[in-house]
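Observations on the model geometry
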2 protein chains.
Amino acid sequence: MKKNKILPAEENSGPLMADVADLAGVAISTVSRALANPGRVNAKTRAKIAAAAEKLGYTPNAMARNLRIGKSNIIMIVLPGSLHHGASQIIPQVLQSINQALIQNGYNLMIANLDRDETSERHILNLAFGGTVRGAIILSSKLPEVAGRSLAEAGLPIVSLLLDMSDASVPSVVTNDRGAVAEAARMLIARGHERFFYIAGPSDNYHDIERFSGLVDAFHETGLDPASITRSGGVLSYQHGFEAGKHAVEDFTQLAVKPTAVIAESDDMAISFISGVQARGWRIPEDLSVISFDGSPVCEYCHPPLSTIEQPVEVMGKTAVEILMQRMSEGADEVPTRMIIPSRLIMRKSVGPAAKANNSC
Amino acid sequence: MKKNKILPAEENSGPLMADVADLAGVAISTVSRALANPGRVNAKTRAKIAAAAEKLGYTPNAMARNLRIGKSNIIMIVLPGSLHHGASQIIPQVLQSINQALIQNGYNLMIANLDRDETSERHILNLAFGGTVRGAIILSSKLPEVAGRSLAEAGLPIVSLLLDMSDASVPSVVTNDRGAVAEAARMLIARGHERFFYIAGPSDNYHDIERFSGLVDAFHETGLDPASITRSGGVLSYQHGFEAGKHAVEDFTQLAVKPTAVIAESDDMAISFISGVQARGWRIPEDLSVISFDGSPVCEYCHPPLSTIEQPVEVMGKTAVEILMQRMSEGADEVPTRMIIPSRLIMRKSVGPAAKANNSC
DNA sequence: TTGTATGCGTTATCAT
DNA sequence: ATGATAACGCATACAA
C-alpha cells in the first residue's frame, strides 16, 4: 500500500490514510471520519485508528484535503514593495500578529509582493484565481488588476489593513489617522505652535490625505490659517521614509520663515529629518517640535526621544483576521465595512513649547 | 460542464480545464499539454486553446496540479518569535529578497513562526509532513522537533539562513561573523582601544559565540589580554534588542574601570545602549566608541551616526534560495554545505580614538 | 456505526 | 499529434 505501482515514485511521501486504515483494520472512510468528525465513530475503533496513526506517524495531506473540499487554508498578505522600505518598521509586527491569529483559526499566511510591474500583479491574481489562497489581507491602496481581471472578482474575501478602502467596498481596518493627527496638532497649537511643517509620503495616498486633513482640521478649529502649513515630500519614488526625511531637510532649510512644529507621516521620515536639521544647528525641541506616525520601538531611543502616534498594529492585525473569518464563514456580507482602531499619542521629549523667534542659523 | 451535479456547489470556482477543452474543441489532455508542454502540440490547436483559455479567463488550479504531481510549490520561512523583535530591523529585507527570488523560480513563500511552545513546532511539522510545503528556509538555531518527529526527517530540503547549522548537516548561508568582528576590533585596537564592552544576545547562540570569538581573536592577535573584555547581556527573555541595550547600560554604569569601546550584537542593542549612556553623561565617540551588527538603515541617522557591520541580507536571501533550488532539482546532495557571504563594516561617527582617561561621571 | 463508491481538477500513461 | 483513462490523497453521499 505504501508504494503505488504506476506513478511518480520519486521520494517516499509518507504514510497515507489507507495505510492507517489497513493497520487499524477499518475502511479508509472510517479513518477520515475519525480524524475529522470524532463524534461520529465508535470510541473503540477511534482508539484503534488513533493508535495506528500514531504508530505510523501519519499526517494528513493538506493539498489533497483542500482540493477535495474545494477550499484552501492559505491567506495571502499583499505587501506593496514600497512598504518593505517605507513603513518597514512595523511590518514585522503586522506579520507576526496576523500570522498568530490565522494559525489559531487553522489558516496559514503566504506573502505576496505587489510591485509596480504587471508581473507581480499577475502573480497575485494567479494565486487568487488558481485557488491557492482562500482570502487576502492587503496593505496596498489598489487592488491588483490586469487584463480586465481584478482581485475583487476572484470571489475571495479581502480585508484592507492600514488603508481605508471601504469606498471600494473592501472592508477595512484602519486607525483614526485624521483624528489622531488633529489631536496631536491641537496639542502643539496649545503649546504655542502656529507654523507647521508637514512631511508627506506619496501624495494622494490615503495616509497623506487623512493625516494632512487632520492637521488642517486642527488649524480650522483653532482659528489658525492653514496657509502657514508647509508641505514637503509627496514623492513616490523614495525607497525609504528616510529619504523623504532627508529631502525634507532641504526644503526646510530654504524656508524664509521657519515653522516651529513638524509632523511627519512616518517615524523614518522624522528620524532622518531630525538628524539632518540637527546637523545644521537646529535644536529639538527648543527650536522645533516633532511628532511622527507609527510608534516604532526605536523612537524611544532617538535623540531626543521621538513623540509618535502609535498604530495599534497588533490589534489591527487581529481584527483584520477576525473580519476575514467572518466573511468566510457566515455566508452573509453583513460584516462591518470599516473598523477604526484608535491610535495612541506617545509624548516624548521631541515636543516642547514654541520658540519665540527661531529663524537663526 | 461548468457546474457539477453531486458535490459542494458552494461558490462558483471559475472555469476549468474541461471548459477550455470544450470551447477549443479538443480533449482535456491536449489542453494540459498545450499549457505545460507547448512544444508537443500543433501550433494551430495551441492557438485555439490559448484563445479559449484567454476568453474564459482560465487559471489552472494550483492545488489540483500540486496534488497530481506530488509536489507543492510553497517554501516556508521559519522565523523564531524572538526574531520578530530581536533582529527585526532586517527581517523585512530578508523576506523581500527571498520572496522575489522564490517567485522567479515559480515558488511562493509561506511564513511559519517558531515560538517556544510545542504547538508552533507541531504546526511547522504538519506543514512539512502534510505536504503543504516543499522546502524550508530557517532562521532558527534548532529544527522543530516533537514526539520524535523532526523537520530533518520530513524529506524536504532545508537551508539555514544567518545561523550556521552545517554541523547538523543543514546547508547554511551566513556572513563572516567572526572575521568581521575581529576586523572591527582590530581597527578599534589600532585606534588605541584596549578595554572593550561586549553586549550579547542570547548566550551560546551561534551569533554570540562567533562574534564574541572574533573579538577575542583580535585581542590575541594584538597581544592584548581578553580579560579586559567585559560581557553584558546573554539573557534569553528580552523581547527587543533594545531591552538588552538598556540593561547593558546598568552593567556599564557599575564598572569600576570603564571600557572605551563597545561592540554590540545588534543595532537595536547599540541604539538603546547609546541612548542610555548619553543620558548619563557619556559622550560618543569622545568617551566611548560603538560598533554594532546588522546594518539597519536607521543607523545612518542615529546620534551620532552608528558604525555597523552590514549583513548582506539581499545576497544572503538569494543565495539561500539558490541552494534550495539546487537541493530540489539536482537529486544529488552535492551542494555546498556552507556559504559565507562577507559583510561590510560601515564606519560612521560613533567611532573615534580611545580616550586617555574617561572614568569621569 | 461502518464500508463502498465517486469525484475534487489536474497530469501522465497508454493507445490511437 | 491527439484522445481516452487512470491515478494523486482525501471527503462525503449513500448503502449496508
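Values in this document were obtained by computation on a predicted structure and should not be read as measured data.

Examined bridge by bridge, strand β11 (residues 289-294) of chain B and strand β12 (residues 307-310) of chain B share four bridges and lie parallel to one another. In the sheet register, aspartate 294 of chain B faces β12 of chain B, and the bridge partner there is glutamate 310 of chain B.

It is worth spelling out the packing of aromatic side chains at this point. Residues and elements named next belong to chain B. The final tally for this structure, using the stated rule, is 14 aromatic pairs over all chains. Summarising the aromatic geometry, the rings of phenylalanine 196 and phenylalanine 219 are spaced 5.2 Å apart at their centres and angled 80° between planes, so their arrangement reads as edge-to-face. Here phenylalanine 196, found in strand β8 (residues 196-200), pairs with phenylalanine 219, found in helix α9 (residues 206-221); they are 23 residues apart in sequence, far enough to count as distant. Taking relative accessible area as the criterion, phenylalanine 196 reaches 0% and is therefore assigned buried.

Before going further, it helps to spend a moment on the side chain of histidine 207 of chain A. Mapped onto the fold, histidine 207 of chain A is located in helix α9 (residues 206-221). Those residues in contact with histidine 207 of chain A, other than ones at most four positions away along the chain, are Leu162, Leu163, Asp177, Tyr198, Phe212 and Glu265 of chain A.

Ranked by size, the top nonpolar core spans 62 residues in total, and within it Leu161 of chain A together with Leu161 of chain B carry the most contacts. When near neighbours in sequence (up to four residues on either side) are disregarded, leucine 161 of chain A contacts Val94, Ile98, Ile137, Ile138, Leu139, Val173, Met316, Gly317 and Ala320 of chain A. Phe252, Ile271 and Trp282 of chain A together with Val298 of chain B belong to the second largest nonpolar core, which has 51 residues in total.

Let us look at the domain arrangement of chain A. Residue and element names in this part refer to chain A. Split by domain assignment, chain A resolves into domain 1 (17-175 + 315-342) and domain 2 (177-310). Contacts between the two partners involve 14 residues from domain 1, matched on the other side by 14 residues from domain 2. For the pair domain 1 and domain 2, the summed buried area comes to about 1,200 Å², and 50% of that belongs to carbon and sulfur atoms. The interface formed by domain 1 and domain 2 holds zero salt bridges in total. For the pair domain 1 and domain 2, the interface holds two residue pairs in polar contact (both at pLDDT 80 or more).

Quick look at the interface of chain B and chain A now. On the chain A side, the residues contacting the 55 residues of chain B number 54 residues. Summed over both partners, the interface of chain B with chain A comes to about 4,800 Å²; 59% of that surface belongs to carbon and sulfur atoms. Taken together, the connections running from chain B to chain A amount to two salt bridges. Of the charged contacts in the structure, one is a salt bridge between lysine 246 of chain A and glutamate 300 of chain B, with a shortest N-O distance of 3.1 Å. Taken together, the connections running from chain B to chain A amount to 17 residue pairs in polar contact (both at pLDDT 80 or more). Counting residues per element, the ones that place at least two in the side of chain B that touches chain A are α4 (62-69), α5 (81-85), α6 (91-104), β2 (108-114), α7 (118-129), α10 (241-253) and α11 (267-279) of chain B. By residue class, the composition of the side of chain B that touches chain A is 21 nonpolar, 26 polar and eight charged. Of the pairings in the sheet, the one linking strand β2 (residues 108-114) of chain A to β2 of chain B comprises three bridges and is antiparallel in character. Looking at β2 of chain B, one finds that methionine 110 of chain A is bridged to methionine 110 of chain B.

Rules of the game
- Residues numbered from 1 in each chain as written.
- Chains lettered and ligands numbered in written order.
- Predicted model: local features only at pLDDT ≥ 70, side-chain atom pairs only at ≥ 80, totals over all residues.
- Heavy atoms only, no water.
- Pairing = 2+ DSSP bridges.
- Helix = DSSP H or I, 4+ residues; strand = E, 2+ residues; numbered from the N terminus.
- Phe/Tyr/Trp six-rings, centres within 6.5 Å; stacked < 30°, edge-to-face > 60°.
- Buried < 20%, exposed > 50% of the residue type's maximum accessible area, 1.4 Å probe, protein only.
- Contact = heavy atoms within 4.5 Å.
- Core = buried A, V, L, I, M, F, W, Y, C linked by side-chain atoms within 4.5 Å.
- Domains from an automatic or database assignment.
- Buried area = accessible area lost by both parts, 1.4 Å probe.
- Salt bridge = Lys/Arg side-chain N within 4 Å of Asp/Glu carboxyl O.
- Polar contact = N/O pair within 3.5 Å; in protein donor to acceptor, adjacent residues only side chain to side chain.
- Nonpolar A, V, L, I, M, F, W, Y, C, P; charged D, E, K, R; others polar.

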